[in-house]
Amino acid sequence: MFLHLLKMIWNRKRSNSLIIAELAIAFIVVFALSVLAIRNYNLYQIPLGYNYENMWRIQIMPTRSWDETKDEDTLLQIIGAVKQQPEVEKIHLLSNPTFRNWRGTSSVTIDGQEIYYYRNRFDDKAAETFGMTLNDGRWFGPQDSNQNYSPVLVNQEFVDMYYPNESVIGKNIADPEIEDNREMRIVGVYQAFRQFGEFSAIVPYVFTRSDIQKPGRMLGIEVKLKPNADDSFEQRVLEILKSLAPENNYSIASWESQRDRQIRETTIPLTIFSIIASFLIIMVAMGLFGVLWQNVTSRTHEIGLRRALGATALSIHKQIIGELAIVTMIGVSIAFLILVQLPMLGVFQELDWSLFWISLLASLVFMLTLAGLCGYYPGKIATNYSPSEALHYE
Amino acid sequence: MLKLNNISKSFQTDRIETIALSNINLHIEKGEFVSVMGPSGCGKSTLLNIMGLLDQPSEGNVAVDDKAIESYQDKHITGLRNEKIGFIFQSFHLIHDLRVIDNVELPLLYRNISAKERKALAAAALEKVGLKARTHHYPTQLSGGQQQRVAIARAIVGKPEILLADEPTGNLDSHMGDEIMKLLESLHQEEQATIVMVTHDEEMAKRTGRTIRVFDGQLVH
């Protein structure tokens, strides 16, 4: 029977080509949606690598050019004043804030290998306050002061990507092409610090050390508040900052609120795309349903004939669903030939083979279900006629 | 072989009930060639549909090989149709997207027969109707007479016990009609096929062994 169905589809290739094209396009849309949904779901499941509860960031925004000596003193005064607030448990410096797309990147070539990473700076003990996990080595500490090297911490992704199955502690990742470049010695490996939030890709990430006693131009102050801190903290700190350095602008925001904002910024476009894609799929489903209805109606004589020759109502229904499943698979195969080029050619870095196959499987299940639902009712109608009615249908 | 006992058939529409057949009693013996005649709308085709189990009577029952069909369950009925009855229709009812040989093997698709055996049986049936050379043609590439021969090959491919032909020459000119009639006659004489044929043509009816006349849904003796 399968070969018979294939023969029927092949001989009706002209009338089937439109449905096949429609199914191929729908499959590509469903695949794109699956890739986005599965990728973001997978990313969301990966731990951030730090805690955002009770964390606040005070961002200082100077309105004039920075004066190294004078402004560093003001910064120290600000740090001291904030630290004295009763709600404040800990205070640290962090160059690029969490849940924002502020980024610094570096690229160096070491032993012929190009190493590309994101970088950030924080002070001693910041990692512990943020709740980060150390995999190897140690955090920054006083032993790193007044040394002839700059200590750095790298994340596990950095190790896995550039030095798999190798101990990196003590490695120098300074750019060898820059003369007299200060050694950048890896002193520790931490699990993760996903600065850009839950929906961001895992990237190689490096921390350099800053000193809270000599903050330089570190304009981001991270504050950990005690649990159940008073709501008045924000306003009170803002008044203190304005009184200490009225020439600057300030923003104070909790990491949690920044996280919420970033999630919204990621999910809103996704939701809009999903709605548009859903409409498209509904249109395709309606089109498919209409085409199938017309297709079944135009074949009423054939259905009556098959019933007269010995086909049961069930076998007719199976035939209609079977034909549709084969047509769907042909459409999917055409779409597959197009889509498989993406991971092969590396068009999208994020679309690796594992994500490709999972999304392909999810899209296939969806399309077969959709085709099955669209074919079920016209198939049912076709079997409702008695053979003599179907043979005399006009 | 085929018995119709007190068969009545009526069609109900919104307002009126049309009686197509009334109290028909009929017995078709094995090896008979019977023609059914009557004016248009008298119930000939309805009678043939009921004999072929394509339609259910409103009253009475049909017995095949002395076994009355009581339940008319789909699986049971389709099995009987597939194995015991071959149909020939006025408008041929060939599937135009399938080649001649694929059309002929259609009834065998619903039996547990291998593809190879199906092909062999279909080829043999086509040879019997003189269309071996047209095996791989499509129906639209054939004349009306040839199309009806394909339909006859399809009707006989499963070696049914009875052939039911609903005006098999109705869509053909007299020459082609005569060819088809000769083919039915040879099937009857050489293979002892049991044939019931609905026709309008008195000359065709005369060539059969028995003629049943239907008028206003009743048999006329």
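Cut-offs applied
Residues numbered from 1 in each chain as written. Chains lettered and ligands numbered in written order. Predicted model: local features only at pLDDT ≥ 70, side-chain atom pairs only at ≥ 80, totals over all residues. Heavy atoms only, no water. Helix = DSSP H or I, 4+ residues; strand = E, 2+ residues; numbered from the N terminus. Buried < 20%, exposed > 50% of the residue type's maximum accessible area, 1.4 Å probe, protein only. Lys, Arg positive; Asp, Glu negative; His and termini not counted. Salt bridge = Lys/Arg side-chain N within 4 Å of Asp/Glu carboxyl O. Polar contact = N/O pair within 3.5 Å; in protein donor to acceptor, adjacent residues only side chain to side chain. Contact = heavy atoms within 4.5 Å. Domains from an automatic or database assignment. Buried area = accessible area lost by both parts, 1.4 Å probe.

Caption draft 1: Examining the side chain of B:Glu167 more closely. Residue and element names in this part refer to chain B. Secondary-structure assignment places Glu 167 in the loop between β7 (162-166) and α7 (174-191). Buried charge without a salt bridge: Glu 167, with Lys 44 as the nearest opposite-charge side chain at an N-O distance of 4.6 Å. At 3.1 Å, the side chain of Glu 167 forms a polar contact with the side chain of His 200. Once you skip the residues sitting within four places of it in the chain, Glu 167 turns out to touch Lys 44, Gln 90, Val 198, Thr 199 and His 200.

Caption draft 2: Representation of the domain arrangement of chain A within the structure. Residue and element names in this part refer to chain A. For chain A, the assigned domains are domain 1 (2-45 + 262-393) and domain 2 (64-247). For domain 1 and domain 2, the distance between their C-alpha centroids amounts to 51 Å. Each side of the interface is counted separately: domain 1 has eight residues, and domain 2 has ten residues. In total, domain 1 and domain 2 occlude about 770 Å² of area from one another, counting both sides; carbon and sulfur atoms represent 58% of this. For the domain 1 face of the interface with domain 2, the top three residues by lost area are Leu 43, Tyr 44 and Gln 262, together amounting to 66%. Remark: the boundary between domain 1 and domain 2 carries two residue pairs in polar contact (both at pLDDT 80 or more). Where the side of domain 1 that touches domain 2 is concerned, the elements lending two or more residues are α2 (13-45) and α7 (255-298).

Caption draft 3: Just the side chain of A:Arg194, in detail. All names here are of chain A. Turning to its location among the elements, Arg 194 is positioned in the loop between β7 (183-190) and β8 (205-210). Comment: no salt bridge for buried Arg 194; closest opposite-charge side chain is Glu 198, at 6.8 Å. Here Glu 198 takes part through its backbone oxygen, which lies 2.7 Å from a polar atom of the side chain of Arg 194. If we skip the residues at most four places from it in the chain, Arg 194 touches Leu 43, Ile 46, Pro 47, Leu 48, Tyr 50, Phe 199, Ser 200 and Ile 202.

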